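Coordinate inspection notes
Residues per chain, in single letters:
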Amino acid sequence: MAVLDIVTYPDPRLREPTTEVTEVTDDVRELVRDLIDTMYALNGAGIAAIQVGRFERIFIIDGRVATDKEDAEPVVFINPEVVETGNGTVVAEEGCLSFPNVFVDVKRPRWAKVRAMNVEGETFEWEGDGLLGRALQHEHDHLTGKLMIDLVGMVKKEMIKRKMKRFHGTQAREAASQ
Ligand code: NI
């Protein structure tokens, strides 16, 4: 088990292009396990590989978010594509492991369907609305270098930037005092 360090905004790695996974190798399986461990350790609803500084097109969604069942396994999406969104739009609060303690209202389509490959190399589709629809779109955005700060207005953008500056300042002070 390995909990990996999270890449936080405004680290430019969050904007890097991602790469298709051509084969589910042991290395990919290990990355998937580490992503799951990291997501659980930090209480995230989802996590994308780019958030731990890896550029494979992979994201994970927590089992409870993906299925509504308390003890469900996390769902692994490899080379995911959003095939459809719809049912109107909805504004709801969103968070992101790359923006610790930042929560902002983001407007998105209510429902989304994603096609991806699982760790067995099989193609599957997953769809949902509510938190799941939002998580599918949010995590897929990460793989295209898009972040929730890109989806809010100027005032909220500045607020997020200030909060992240404060976050990095606190991190630097803590590191200096150790
Ligand atoms: Ni995120």
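What you are looking at is a predicted structure, and each value in this text was computed from that prediction instead of being measured.

**Structural notes on the coordination of the nickel ion**
Only Cys 96 (SG), His 138 (NE2) and His 142 (NE2) from the protein reach the nickel ion as donors, at distances of 2.1 to 2.2 Å. Along the chain, the residues that donate to the nickel ion are spaced as C-x41-H-x3-H. With a gap of four residues between them, His 138 and His 142 both fall in helix H3 (residues 130-142), about one helical turn apart. Comparing His 138 with His 142 shows no difference in burial state: the two are buried.

**Quick look at the sheet that holds strand S5 (residues 123-128)**
Reading across from one edge, S1-S2-S3-S4-S5 is the order of the five strands in this open sheet, with antiparallel pairing throughout. The open sheet has two edge strands, strand S1 (46-48) and S5, and neither has a second partner. Strand-to-strand, the axes of this sheet are offset by a mean angle of 30°, without reference to chain direction. Strand direction decides the pairing type here: strand S2 (residues 58-61) and strand S3 (residues 75-94), joined by four bridges, are antiparallel. Paired with Ile 58 across the strands is Ile 78, a residue of S3. Across the sheet, H3 touches S1, S2, S3, strand S4 (104-117) and S5, and the angle it forms with S4 is around 80°.

**Considering the pairing of S5**
Both S4 and S5 contribute to a ladder of six bridges, which runs antiparallel. Paired with Ala 116 across the strands is Phe 124, a residue of S5.

**Let's talk about the environment of Met 39**
Structurally, Met 39 can be placed in helix H1 (residues 26-41). We classify Met 39 as buried; its relative accessible area is 0%. Once the C-alpha coordinates of Met 39 and Ile 61 are considered, the two residues, 22 residues apart in sequence, prove to be 8.8 Å apart. Setting aside anything within four residues of it in sequence, one finds Met 39 in contact with Gly 44, Ala 45, Gly 46, Ile 47, Ile 60, Ile 61, Asp 62 and Pro 74.

**Notes on the pattern of salt bridges**
Side chains that carry opposite charge are capable of pairing whenever their charged atoms lie near each other. Throughout the structure, instances matching the rule amount to 12 salt bridges. The shortest N-O distance in the salt bridge between Glu 125 and Lys 113 comes to 3.6 Å. In this pair, Glu 125 sits in strand S5 while Lys 113 sits in strand S4, placing the two residues 12 residues apart along the sequence. Classification of Glu 125 as partly exposed rests on a relative accessible area of 38%. On the basis of relative accessible area, Lys 113 is assigned to the buried category, the value being 17%. Look at the salt bridges and you will find they share partners, linking Glu 94, Arg 108, Arg 134 and Asp 141 into a network.

**Details of H3**
For H3, which comprises 13 residues, the first-to-last C-alpha distance of 19 Å matches the rise-based estimate of 18 Å (1.5 Å per residue) to within 8%. The element H3 is largely enclosed, with a buried count of 11 among its 13 residues. Three or more residues of H3 are buried, namely Leu 132, Gly 133, Arg 134, Ala 135, Leu 136, Gln 137, His 138, Glu 139, His 140, Asp 141 and His 142.

**Details of the pairing of S3**
As paired strands, S3 and S4 are joined by 12 bridges and run antiparallel to one another. The residue of S4 that forms the bridge with Ala 92 is Val 106.

**Considering unusual backbone geometry**
That bond from Tyr 9 to Pro 10 is cis: its omega, 5°, falls within 30 degrees of zero. In this structure, Pro 10 sits in the segment before H1. Residue Asn 79 is not a glycine yet carries a positive backbone phi of 50°. Along the chain, the position of Asn 79 falls in strand S3.

What counts and how
Residues numbered from 1 in each chain as written. Predicted model: local features only at pLDDT ≥ 70, side-chain atom pairs only at ≥ 80, totals over all residues. Heavy atoms only, no water. Donors = N, O, S within 2.8 Å, 3.2 Å for Na, K, Ca; no water. Helix = DSSP H or I, 4+ residues; strand = E, 2+ residues; numbered from the N terminus. Buried < 20%, exposed > 50% of the residue type's maximum accessible area, 1.4 Å probe, protein only. Pairing = 2+ DSSP bridges. Axes fitted to C-alpha atoms, helices over the stretch in contact; angles between N-to-C directions. Contact = heavy atoms within 4.5 Å. Salt bridge = Lys/Arg side-chain N within 4 Å of Asp/Glu carboxyl O. Expected span 1.5 Å × (residues − 1).

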